[in-house]
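Observations on the model geometry
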Amino acid sequence: MHNVHNYLEKLEGCIASNSREADRQLSRIISSEYPVIPGILHLKENSGGVLGWSKGNAVKASFLPAFHETLSQLPNLAFSGKFQILDENDIVFDGYDYYMLTKEPIQGLTLNKIAINGDESIATAIAEIRGYINMEFIICKLYLIGRVKKYLTSMWVGYGEEKESGKPVIFFAPIFPEDVAIFQEYDVNEIAREGMDEGETFIHGNKLWQVAQDDEGFYVYQPAPYMSFSLN
């Protein structure tokens, strides 16, 4: 049985990565009776927004960004703009980095980086926040089209539609973040894909990975995590 936590990694160097730490900091400037709420503060209409923590009520509230690089946008922690509330299991993104909120016994709601997009539910959520719905995902081996069959990697390939237009779309969701570079090097029309079934394996980063399935869908795991492999 797999655990989504296996695909997450703790955030280091944040202003506040969990509600407990955010509450400790925000309680210095606003009453401690108010709960801390994670969310995205949109400073302008249709802006990408700032990920962080809010504390207060409709009359007075303060906001603490999660990351140092966005603190300059809110030098006095003033709350101004539209606030999109987040909750447990919600996923957000910044560029090609994705983050998931989990609920921990001591830290409370905690922001984690998705280090491996190894679960079908994660792939589906990523597709939705990118504007694609009704996706049906399979894990595919990707090959460079040419005289010699060159294996590139394995990743999620989803078939669905654009939320706004309803047009059919194919969405590639890398299992490993570094595989985004493949689409910077090759045109998608140069890449062939071959669907994988439960029990099939592939190698990535000298590690063996296997495709599995449970009641919640497909996922990947390492059947031999302490062994290294090579395609050569």
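This text gives an overview of the structure that appears in the document. (Residues numbered from 1 in each chain as written. Predicted model: local features only at pLDDT ≥ 70, side-chain atom pairs only at ≥ 80, totals over all residues. Heavy atoms only, no water.)

Thoughts on the pairing of strand β9 (residues 132-144)
For the record, the criterion: Following DSSP output, two strands are said to pair if at least two bridges run between them. Helix and strand definitions here come from DSSP, where helices need a minimum of 4 consecutive H or I residues and strands a minimum of 2 consecutive E residues; each element is numbered from the N-terminal end.
Judged from the eleven bridges that link them, β9 and strand β10 (residues 150-162) form a sheet pairing that is antiparallel. Its bridge partner being in β10, leucine 144 is matched across the sheet by lysine 150. Between β9 and β10, which pair antiparallel one after the other, the connecting turn spans five residues. Strand direction decides the pairing type here: β9 and strand β12 (residues 191-195), joined by five bridges, are antiparallel. Residue pairing across strands places tyrosine 143 opposite alanine 192, the latter belonging to β12.

A short note on unusual backbone geometry
Counted only if it meets this: Each residue is assigned to one of three classes by its accessible area relative to the maximum for its type, calculated with a 1.4 Å probe on protein chains only: buried under 20%, partly exposed between the two thresholds, exposed over 50%.
The phi angle at asparagine 89 is positive, at roughly 75°, despite the residue not being glycine. As for its position among the elements, asparagine 89 is in the loop between β5 (82-85) and β6 (91-94). In the Ramachandran plot, asparagine 206 falls in the positive-phi region, its phi being about 65° despite a non-glycine side chain. You can see asparagine 206 is positioned in the loop between β13 (201-204) and β14 (207-214). Overall, asparagine 206 belongs to the partly exposed group, its relative accessible area being 45%.

Considering the packing of aromatic side chains
Worth spelling out the cut-off: Geometry of aromatic contacts follows a simple scheme: Phe, Tyr and Trp rings, the Trp one being its six-membered ring, pair when their centres are within 6.5 Å, and the pair is stacked under 30 degrees between planes, edge-to-face over 60, tilted otherwise. Charge over a ring is defined by NZ of Lys or CZ of Arg lying within 6 Å of the ring centre and within 35 degrees of the ring normal.
According to the stated counting rule, one finds ten aromatic pairs in the structure shown. Ring plane angle 65° and centroid distance 5.3 Å describe the contact between phenylalanine 176 and tryptophan 209, whose orientation is recorded as edge-to-face. Highlighted residues: phenylalanine 176 in the loop between β11 (168-174) and α3 (182-185) and tryptophan 209 in strand β14, separated in sequence by 33 residues. Each member of the pair phenylalanine 176 and tryptophan 209 is classed as buried. In textbook terms, an aromatic cluster arises when at least three aromatic residues are bridged by ring pairs, as seen for Phe176, Phe202 and Trp209. Between arginine 130 and the ring centre of phenylalanine 93, over which it is positioned, the NZ or CZ distance is 3.9 Å. Directly above the aromatic system of tyrosine 143 lies the positively charged group of lysine 149, at a separation of 4.4 Å from the ring centroid.

Points about the nonpolar core
Where a protein is soluble and globular, its nonpolar side chains tend to be buried together. Stated formally: Put simply, buried Ala, Val, Leu, Ile, Met, Phe, Trp, Tyr and Cys residues joined by side-chain atoms within 4.5 Å make one nonpolar core. We call two residues contacting when some pair of their heavy atoms lies within 4.5 Å.
Ile91, Phe137 and Ile175 are the most contacted members of the largest nonpolar core, which has 27 residues in total. Elements supplying a minimum of two residues to this core: β7 (97-104), α2 (120-129), β9, β11, β14 and β15 (217-221). With residues up to four places along the chain from it excluded, the contact list for phenylalanine 137 reads Glu120, Ala123, Thr124, Ala127, Trp156, Val157, Gly158, Phe171 and Ala173. Formed by 19 residues, the second largest nonpolar core is a distinct cluster that contains Ile15, Val36, Leu51 and Leu101.

Some points on the layout of surface pockets
As a reminder, the rule being used: In this analysis, the protein atoms alone were mapped onto a 1 Å grid. Cavities are point sets where a 1.4 Å probe fits without being able to get out; pockets are open sets with protein on both sides within 12 Å along at least five of seven lines; lining residues have an atom within 4 Å of a point. Grid points are joined across faces, edges and corners, and a volume is the space filled by probe spheres set on the points. Residue polarity is assigned by list, with Asp, Glu, Lys and Arg as charged and Ala, Val, Leu, Ile, Met, Phe, Trp, Tyr, Cys and Pro as nonpolar; anything else, Gly included, falls into the polar class.
Counted as a void, the second largest pocket has a volume near 370 Å³. Taken together, 19 residues line the second largest pocket, and the ones lying closest to its centre are Tyr96, Tyr98, Phe172, Pro174 and Val180. Elements supplying a minimum of two residues to the lining of the second largest pocket: β7, β8 (108-114), β11 and α3. No other element matches the four residues that β11 contributes to the lining of the second largest pocket. For the lining of the second largest pocket, the class distribution of residues is 14 nonpolar, two polar and three charged.

Overview of the environment of valine 220
Position of valine 220 relative to the elements: it lies in strand β15. Here valine 220 falls in the buried class, since its relative accessible area comes to 1%. Sequence separation between valine 220 and tyrosine 7 is 213 residues, and the spatial gap between their C-alpha atoms is 9.7 Å. For valine 220, the contacting residues outside a window of four places in its chain are Tyr7, Gly118, Ile139, Ile175, Phe202, Trp209 and Gln210.

Here we look at a nonpolar patch on the surface
Rules: Exposure above 30% relative accessible area and the lack of any salt bridge qualify a residue for a patch; like charges then connect within 9 Å, and the nonpolar side chains Val, Leu, Ile, Met, Phe, Trp and Tyr within 5 Å. Computed with the Shrake-Rupley method and a 1.4 Å probe, the accessible areas treat only the protein chains shown as cover for residues. Each reported salt bridge corresponds to a side-chain nitrogen of Lys or Arg within 4 Å of a carboxyl oxygen of Asp or Glu.
Residues Ile138, Tyr159 and Ile170 make up a contiguous nonpolar surface patch of roughly 230 Å² in combined accessible area. Judged by relative accessible area, which is 33%, tyrosine 159 ranks as partly exposed.

Section: the sheet that holds β15
The cut-off we apply is this: Interaxial angles span 0 to 180 degrees and are taken between N-to-C directions of axes, which are lines fitted to C-alpha atoms, for helices over the stretch in contact.
Read across the open sheet, the three strands follow the order β13-β14-β15; overall the sheet is antiparallel. Two strands close off the open sheet at either side, each with one partner strand: β13 and β15. The mean inter-strand angle of the sheet, taken between neighbouring strand axes irrespective of direction, is 30°. Here five bridges tie β14 to β15, and the two strands are oriented antiparallel to one another. Across the sheet, residue glutamine 213 finds its bridge partner in β15, namely phenylalanine 218.

Shape descriptors only; they carry no functional weight alone.
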